[in-house]
Structure formats: C-alpha cells, structure tokens
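One-letter residues, chain by chain:
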Amino acid sequence: QGNYIQACREGAVRIGGEWHATGVIVSADTLITAWRPADPARPVPDDFAAALALEPELILFGTGPAHRFPSQALVVGIMERGIGFEVMTTDAACRTFNVLAAEDRRVVAVLL
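Description of the structure in this document. These numbers come from a predicted model, not from an experiment.

What follows concerns the pairing of strand β6 (residues 58-62). The element β6 is extensively covered by neighbouring structure, given that five of its five residues are classed as buried. Residues Leu58, Leu60 and Gly62 point to one face of β6 and Ile59 and Phe61 to the other, with burial holding for every one of them. Bridge analysis of β6 against strand β7 (residues 84-88) gives five bridges, and the strand direction is parallel. The residue of β7 that forms the bridge with Leu58 is Gly84.

See the structure below:
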C-alpha cells in the first residue's frame, strides 16, 4: 500500500502508473510533483521545506544520473533536526526508497 516507485529512467520516475519528468518529493502516503529548487545545482535547506514537513526519519536525495554532493549547509541544516540525509543517484534513491518504505520506515525521497 502507499506510494511505490515503479520505474526510473533518466529524467523521469514512474509512481502510481504516471511518469513524472520534473522533480518530485515522495513518501509512503504523499506525492509532491513539480518540485524544483531555485538552483538545482545548489539546493538550499529552504528547498527541502516540503520534505521536512512530512516529518521523515530519513531523506534520500536523488541527484539525477550523476552523484552530486550538496552544500555542507544543506546537509548540516537537515541533520541538525535529527533527520538522516543520504545523497545518491536518482535510480539508487528510488530502489532504496522502495525497500525502506516496504519496511514501514518514515522515509522521504527528494528526486531531481
């Protein structure tokens, strides 16, 4: 039950039978489409407000086909709230989200 990432290809993810070609924020029971930070190359803590509002224990940040580290301010800003933060390629974030969501973990994937 709940959201499950059915497929991932470069530039899009499939959730609930629909392809989303823009950034998304997904939890087990919430899907926020058309998410886009002001500067995708340098997201800031404010860009993650919607993800934080879901009160996750862990945020998975999928950075597209290449693994790109965000700023230290972003990582520290989230982890200071007691929330885990992992950065990985979007396909890896999709696979990890599905596993953790199936374990009933409070996980949120933020996918570029």
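In terms of nonpolar packing, the biggest core is built from 17 residues, with Ile5, Val13, Val26, Leu60, Phe97, Val107 and Leu111 touching the most fellow members. Put simply, the parts of the chain that give this core at least two residues each are β2 (12-15), β4 (23-26), β6, α3 (90-102) and β8 (107-111). Here this core takes six residues from α3, the largest share from any one element. In this structure, Leu111 is in contact with Ile5, Val13, Gly23, Val24, Val26, Trp35, Gly62, Thr90, Ala93 and Cys94, ignoring residues within four places of it in sequence.

Summarising the element assignment, Thr90 is placed in helix α3. By relative accessible area, Thr90 is classed as buried at 6%. For Thr90, the residues in contact, after removing those within four places along its chain, are Cys8, Val13, Gly62, Thr63, Gly64, Leu111 and Leu112.

Each strand in a sheet pairs with its neighbour through backbone hydrogen bonds, running either in the same direction (parallel) or in the opposite one (antiparallel). Ordered in space as β5-β4-β8-β6-β7, the five strands form an open sheet in which the pairing is mixed. In this open sheet, the two strands that pair with only one neighbour each are β5 (31-35) and β7. Each adjacent strand pair in this sheet contributes to an overall mean axis angle of 15 degrees, direction not counted. Both β6 and β8 contribute to a ladder of five bridges, which runs parallel. Looking at the pairing, Ile59 lines up with Val108 of β8. Across the sheet, α3 lies against β4, β6, β7 and β8, angled at about 165 degrees from β8, the strand it touches most.

What follows concerns the layout of surface pockets. In this approach the atoms are scanned with a rolling probe the size of a water molecule, which exposes any empty space left behind. Within this model, the largest pocket holds a volume of roughly 220 Å³. Those elements that provide at least two residues to the lining of the largest pocket are β1 (5-9), β2, β4 and α3.

The next subject is the pattern of salt bridges. If the charged atoms of two oppositely charged side chains come close together, the side chains can form a pair. Enumeration according to the criterion identifies three salt bridges in this entry. With a shortest N-O distance of 3.6 Å, Asp39 and Arg42 are connected by a salt bridge. With a shortest N-O distance of 2.7 Å, Glu57 and Arg105 are connected by a salt bridge. Taken as a pair, Glu57 in the loop between α1 (49-53) and β6 and Arg105 in the loop between α3 and β8 lie far apart in primary sequence, 48 residues in all.

Definitions and limits used
- Per chain, residue numbering runs from 1 following the sequence as it is written.
- Reporting in this predicted model follows two pLDDT cut-offs: at least 70 for local features of residues, and 80 or more for side-chain atom pairs to be given and counted; totals over whole chains, interfaces and linings ignore these cut-offs and use all residues.
- Side-chain measures here rest on the full set of heavy atoms in the structure, leaving out hydrogens and waters.
- Exposed residues in this analysis have more than 50% of their type's maximum accessible area, buried residues have under 20%, and partly exposed residues fall in between, with area computed by a 1.4 Å probe over protein chains only.
- Strands are runs of DSSP state E lasting at least two residues, helices are runs of H or I lasting at least four, and both sets are numbered from the N terminus onward.
- Being paired, for any two strands, means DSSP has found at least two bridges between them.
- What is meant by a nonpolar core is a set of buried Ala, Val, Leu, Ile, Met, Phe, Trp, Tyr and Cys residues, joined one to another through side-chain atoms within 4.5 Å.
- Every residue pair with non-hydrogen atoms within 4.5 Å of one another is taken to be in contact.
- Where helices are involved, their axes are fitted lines through C-alpha atoms of the stretch in contact, as for all axes, and angles between N-to-C directions lie from 0 to 180°.
- Both cavities and pockets are sets of points on a 1 Å grid over the protein atoms alone; in a cavity a 1.4 Å probe fits but cannot get out, in a pocket the set is open with protein on both sides within 12 Å along at least five of seven lines, and lining residues sit with an atom within 4 Å of a point.
- Grid points are joined across faces, edges and corners, and a volume is the space filled by probe spheres set on the points.
- Salt bridges, as used here, are contacts in which a Lys or Arg side-chain nitrogen is within 4 Å of a carboxyl oxygen on Asp or Glu.

Keep in mind these values describe shape, not function.
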